[in-house]
Amino acid sequence: MARALISVSQDGFTYLTLNGATSRYSDTGQAMTYLGDYARETATQVPVTIDDGNQEVDVVLDETGKIAPAASASPTPPPSQEPSSSPAAPASDGNRSTDESTTTSATDGDPADAQSERHQQGKTDAEAGNGDDYPLGTPFSGPAAPNAPTVKRTRVRKRAPQHKNSPQNRPQRLKKITVPGLVLIGIVILMIGAFVIPNIVPAGSQDSPQTIESEQQINPASELSVDKTADVVPGFDNSPTWETKIPKDASVTASDRGVLVVDGGKLEVLDSATGKSRYSGKTSEAPTFAVDTIIDDKPALLWQAGDTAEALMDGEDKPKTYQLPENARITSAGKSVLIKSGNRLSTFGVDGLVNVPTPESGSTPMAIENDELFSSDWNGPVKAKNIKSGDERSVKLEAPADGLQIIKWVSAGHGKAVTLWGEQGASTNSGHRIQLVVHSLEDGSILSTVTTTTDIVGEMSWVRGQGGKRAYIGPYLFDLESGLLLMDTSSKDIHLSEPRGTIVPCTVDNDDSCLLAGKHAYRTDTNLLALTNDGGTAIVDGADSTIRAYEKSSDTSEK
């Protein structure tokens, strides 16, 4: 059963923590509204501890979201002094900055340094490139930062591993406030009655980001387990529907549009539904980029080899060949592919490359989809310009809180903008507590926020997965379609790789291979290439150089 902690800090905001994920709200009522929605959608009871810094009160939200006092609901005053057995704080801690002393990490322990080494190697080809005038970190991910003052790095204090039930491992409480504890607790109970029972703020509104809208969604606070499985792919039949032998040393990439097999100078595309050959040809160079895309409203499998690109449209048996501009860089940050060569922008069309209008000076082009080019300067708003009609709209990103500003553009595309927000002086490596925010590119509203630190995500990339279902940054896994946070995997020391549909390849413990499906990480050596047919088919590269397809079990439902 998930336990929630609501803390009221000196800055006047309310912080809600559920098993590792922390979000900030303008008042306690909004936090309780979120918990009420969660209790109803998951049909589970939610114990809640409300802490004003001086005293605590415990309540329970039942399966309908209604409130009932917990057995230990009587307020208890804090101890007058720490037990003598508690270790003394280092003398230097007395001068720590407010940012550091109030930082709440989303991880148990601090694997940030190890994650940085792992995930810097996990950037997908769709996000990779070697540009000179696009933002640092991830090309096409967001506007280049303006010149900023040098900020002294403040490291978040590392925590030694603790037993999960030890007092040292409980969520860090925020600074105490001056409002008397009993009075505040009384106010909190009134706010609970006003906000939770009538449910004034509707689910999905701008005032309740990260609302769980479906019982089939994974809750970020749910218990993540590590299990074993006898299945080739968890939730799928073990008898393949088709299989195809491939050369031993061939490289393989799979998607909804096809399975791309490259062996030396030979290139073949297999039909994802049948395993039969759709196209066979030659290539002078090994492809460096392959992705499903949309070309003039037509689905296609596109790959780049050297200074040429080829696109095999659905229903066609021969690919369209494109000559790329000199020093071209291409990205699939959006649903269509954007090409940059110097200051020139273009995209793929059925009859050849299509020129894309360059945004105004100071703006950086980030993605193209639905015939709109998304660009922005450092502070926003995002400009969405139709490349055919010339119509332009402005998308103002909702701020997660007063006093916060964008410190990094992580990514944009697939209907979402991903940014890091922090206080004045925060940077991507300053050690500050920050907000990881996912916005809608339709209206700029916040879809979800995660309170984290720059040590955890400051230098990480947003990795979109095959099929457009999942994306992750650091330990945080998101539903790419809704923008909601699904899970924080740091509690089990699970490290994510590029998602395949709704299943995510991962490693656990001593780099043991696993597949994260729903709330479970299954230990397995299966090399899952893709989930196709809207998640109904799993395509696997076997150790015996055979590509096999497995159908989803009839008694399996998406969790």
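Summarised in this report is the structure supplied together with it. Remember, predicted model here, so these are calculated numbers, not experimental data.

Now for the overall build of the protein. When you go through the protein residue by residue, the secondary structure sums to 5 helices and 39 strands. Per-residue burial for the protein yields a buried fraction of 53% across its 559 residues. Restricting the contact set of the protein to residue pairs at least 6 apart, pairs at least 24 apart contribute 51%. Per element, the accessible surface of the protein, about 25,500 Å² overall, is 47% carbon and sulfur.

With respect to the secondary-structure elements, Thr-22 resides in strand 3 (residues 21-25). Between the C-alpha atom of Thr-22 and that of Thr-452, which follows or precedes it by 430 residues, the distance is 7.4 Å.

This paragraph deals with the pairing of strand 24 (residues 392-395). Pairing geometry for strand 23 (residues 382-386) and strand 24, over 4 bridges, is antiparallel. Bridge pairing links Val-382 to Val-395 in strand 24.

A few words now on the sheet that holds strand 13 (residues 289-295). The strands making up a sheet associate through hydrogen bonds between their backbones, and the pairing can be parallel or antiparallel. Pairing is antiparallel across the open sheet formed by 4 strands, whose spatial order is 13-14-15-16. At either margin of the open sheet sits one strand with a lone partner, and together these are strand 13 and strand 16 (320-323). Sheet twist, expressed as the average angle between the axes of neighbouring strands with direction ignored, equals 25 degrees. Of the pairings in the sheet, the one linking strand 14 (residues 298-305) to strand 15 (residues 308-313) comprises 6 bridges and is antiparallel in character. Within the sheet, the bridge partner assigned to Ala-305 lies in strand 15 and is Thr-308.

In this section: unusual backbone geometry. Glycine aside, residues mostly have negative phi angles, and peptide bonds mostly take the trans form. Phi at Asp-371 takes a positive value of approximately 65 degrees, unusual for a residue other than glycine. Along the chain, the position of Asp-371 falls in the loop between strand 21 (364-369) and strand 22 (372-376). Although it is not a glycine, His-414 sits at a positive phi angle of roughly 55 degrees. Secondary-structure assignment places His-414 in the loop between strand 25 (405-413) and strand 26 (416-422).

A separate point is the packing of aromatic side chains. Two numbers describe a pair of aromatic rings. These are the distance of the centres and the angle of the planes. Following the criterion strictly, the structure yields 2 aromatic pairs and no others. Here the aromatic rings of Tyr-322 and Phe-348 are separated by 4.8 Å at their centres, their planes lie at 75 degrees, and the arrangement is edge-to-face. Within this pair, whereas Tyr-322 is found in strand 16, its partner Phe-348 is found in strand 19 (residues 344-349), the two being separated by 26 residues in sequence. Pairing Trp-462 with Phe-478 gives two aromatic rings, centres 5.3 Å apart and planes at 50 degrees, and the pair type is tilted. With Trp-462 in the loop between helix 5 (454-457) and strand 29 (463-464) and Phe-478 in strand 31 (residues 476-479), this residue pair connects regions lying 16 residues apart in the sequence. Each member of the pair, Trp-462 together with Phe-478, is buried. Lying over the aromatic face of Tyr-322, Lys-320 brings its terminal NZ or CZ to 5.9 Å of the ring centre.

Taken in spatial order, the 4 strands make up an open sheet running 21-22-23-24, and their pairing is antiparallel. The open sheet is flanked by strand 21 and strand 24, the only strands paired with a single partner. In this sheet, adjacent strand axes meet at a mean angle of 25 degrees when their direction is disregarded.

The subject of this paragraph is the layout of surface pockets. Taken as a whole, the second largest pocket spans an internal volume of roughly 1,200 Å³. Forming the walls of the second largest pocket are 40 residues, and the residues nearest its centre are Ala-290, Val-291, Asp-292, Gln-466 and Glu-498. Examining the composition of the lining of the second largest pocket, we find that 6 residues originate from one element, strand 13, more than from any other. Looking at the lining of the second largest pocket, its residues break down into 15 nonpolar, 13 polar and 12 charged.

Procedures and definitions
Residues numbered from 1 in each chain as written. Predicted model: local features only at pLDDT ≥ 70, side-chain atom pairs only at ≥ 80, totals over all residues. Heavy atoms only, no water. Helix = DSSP H or I, 4+ residues; strand = E, 2+ residues; numbered from the N terminus. Buried < 20%, exposed > 50% of the residue type's maximum accessible area, 1.4 Å probe, protein only. Contact = heavy atoms within 4.5 Å. Areas by Shrake-Rupley, 256 points an atom, 1.4 Å probe, with all protein chains shown as cover. Pairing = 2+ DSSP bridges. Axes fitted to C-alpha atoms, helices over the stretch in contact; angles between N-to-C directions. Phe/Tyr/Trp six-rings, centres within 6.5 Å; stacked < 30°, edge-to-face > 60°. Lys NZ or Arg CZ within 6 Å of the ring centre and 35° of its normal. 1 Å grid on protein atoms, 1.4 Å probe; cavity = no way out; pocket = protein on both sides within 12 Å on 5 of 7 lines; lining within 4 Å. Points joined across faces, edges and corners; volume = space filled by probe spheres on them. Nonpolar A, V, L, I, M, F, W, Y, C, P; charged D, E, K, R; others polar.

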